[in-house]
Amino acid sequence: MRRMASKFLAAVFIFVIGFAGAMEAQAMNTALNARQQSIVVISACTANGNLNELKTALNEGLDAGVTVSEIKEILVQLYAYAGFPRSLNAIHTFMNVIDEREAKGIKDEPGREPTSVAADLDRDDYGAAVRAKLAGQQSIPAPSGYQLFTPLVDAFLKEHLFADIFSRDNLDFQTRELATISALAALSGTAGQLQFHLGAAMNMGLTEAQLKQFVDVLNARIGSAEAANAGEVLAKVLSARK
């Protein structure tokens, strides 16, 4: 009887541990972790130029385990959405944060540099394929709209943004999209682009619950107007996916 009772208790213990692990995994899938939340604020403050809040967010990101390389990569990518002046201001702010932390004896994880891309990479094809993947398309669609009206802009998007930048593998696509939607949400007049990239963020694995929390982070740290606008666009995206 004792042996049977021991086996029963062991089975119950294993079940409880397994159930707890499953619940923890589910919770992680429905909430933005500390790293992701810091990336939201870093990206939004880079875009809107709030350098005081950016400094706080950079420290939070480093404390949460975002590497120096990852933050650099985010700040570089965001020039494509917020412009070089905002990107460079953010980079200088980050340099100052690193200097201050080093003076305090804080050693941050440097992270890794991206692997080299093949010199003969067809950047037009690669970028078109990346854009299609973000959009959830199985094949590259024929050019239309602005792509036909201004082919040069389309070439820059494919060959530079979605090839030169997105091919750098020290950030995954999900993180890149999280940074992108955060920057776009902090800017005005970008609802159309935000709608596309919210869909892309979901296609890259961010959940409905995580994106709703993304709006909550905007409300708490960036502004109620920005959060309200992002919430409206997110509602359209979610409605279209049902």
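Data block above holds the structure.
Residues numbered from 1 in each chain as written. Predicted model: local features only at pLDDT ≥ 70, side-chain atom pairs only at ≥ 80, totals over all residues. Heavy atoms only, no water.

This part is about the layout of surface pockets. Approximately 610 Å³ is the volume attributed to the largest pocket. What lines the largest pocket is a set of 28 residues, and nearest its centre among them are R131, Y146, D154, L157 and F162. Breaking the lining of the largest pocket down by element, the ones donating at least two residues are α5 (79–82), α7 (123–134), α8 (146–149), α9 (151–165) and α11 (191–203). For the lining of the largest pocket, the element with the highest residue contribution is α9, accounting for eight residues. Its residues assigned to classes, the lining of the largest pocket shows 16 nonpolar, seven polar and five charged. (1 Å grid on protein atoms, 1.4 Å probe; cavity = no way out; pocket = protein on both sides within 12 Å on 5 of 7 lines; lining within 4 Å. Points joined across faces, edges and corners; volume = space filled by probe spheres on them. Helix = DSSP H or I, 4+ residues; strand = E, 2+ residues; numbered from the N terminus. Nonpolar A, V, L, I, M, F, W, Y, C, P; charged D, E, K, R; others polar.)

Counting residues in each nonpolar core, the largest one holds 58 residues, and the members touching the most others are F166, L198, F214 and L218. With eight residues, helix α10 (residues 173–186) is the single largest residue contributor to this core. Leaving out residues up to four positions away in the same chain, L198 has contacts with I181, L211, F214, A230, V233, L234 and V237. (Core = buried A, V, L, I, M, F, W, Y, C linked by side-chain atoms within 4.5 Å. Buried < 20%, exposed > 50% of the residue type's maximum accessible area, 1.4 Å probe, protein only. Contact = heavy atoms within 4.5 Å.)

Moving on to α7. Taking 1.5 Å of rise per residue, 12 residues should cover 16 Å, and α7 covers 16 Å from first to last C-alpha, within 8% of that figure. For α7, every residue scored as buried is listed here: G127, A128, V130, R131, A132 and L134. Where α7 starts, the residue carrying a side-chain oxygen 3.2 Å from the main-chain nitrogen of D124 turns out to be D122. Remark: G136 follows α7 within two positions and exhibits a positive phi of approximately 80°. (Expected span 1.5 Å × (residues − 1). Polar contact = N/O pair within 3.5 Å; in protein donor to acceptor, adjacent residues only side chain to side chain.)

Right, let's talk about the packing of helix α2 (residues 34–48) against helix α4 (residues 68–77) for a bit. As a packed pair, α2 and α4 sit with axes 10 Å apart at the nearest point and diverge in direction by 35°. Between α2 and α4 lies a crossing of right-handed hand. Contact with α2, carried on its side by R35, I39, I42, S43 and T46, involves E70, I71, I74 and L75 of α4 and no other residues of that element. Classifying every residue of the contact of α2 with α4 by side-chain character gives five nonpolar, two polar and two charged. (Axes fitted to C-alpha atoms, helices over the stretch in contact; angles between N-to-C directions. Left-handed = near helix turned anticlockwise from the far one by under 90°.)

Attention shifts here to the packing of aromatic side chains. Using the criterion set out here, one finds three aromatic pairs in the structure. Ring geometry for Y79 versus F84: centroids 4.2 Å apart, planes at 15°, classification stacked. Y79 sits in the buried class, given a relative accessible area of 18%. Ring centres 5.4 Å apart and planes at 65° place the aromatic pair F166 and F173 in the edge-to-face group. Residue F173 is classed as buried on the basis of its relative accessible area, which comes to 15%. One aromatic cluster is present, built from ring pairs that chain together F162, F166 and F173. One residue, R176, lies across the ring of F166, its end atom 5.6 Å from the ring centre. (Phe/Tyr/Trp six-rings, centres within 6.5 Å; stacked < 30°, edge-to-face > 60°. Lys NZ or Arg CZ within 6 Å of the ring centre and 35° of its normal.)

Here we take up the side chain of E70. Following the sequence through the fold, E70 ends up in helix α4. Of note is the side chain of E70, whose polar atom sits 2.9 Å from the backbone nitrogen of T67. Not counting residues within four places of it along the chain, the set of residues in contact with E70 comprises R35, G65, N170 and L171.

With that out of the way, let us pick up the environment of L161. Position of L161 relative to the elements: it lies in helix α9. In the structure, L161 is positioned 34 residues away from G127 in sequence and 7.6 Å away in space, judged by C-alpha atoms. For L161, the residues in contact, after removing those within four places along its chain, are A80, Y81, F156 and F166.

Attention shifts here to the packing of α11 against helix α13 (residues 224–240). Where α11 meets α13, the axes come as close as 9 Å, and the angle between the chain directions of the two elements is 55°. Between α11 and α13, the interaxial angle falls into the category oblique. Crossing handedness for the pair α11 and α13: right-handed. On α13, the residues that touch A191, L194, Q195, L198, G199 and M202 of α11 are A230, V233, L234, K236, V237 and L238. In terms of residue class, the contact of α11 with α13 is made up of nine nonpolar, two polar and one charged. (Parallel < 35°, antiparallel > 145°, perpendicular 65-115°, else oblique.)

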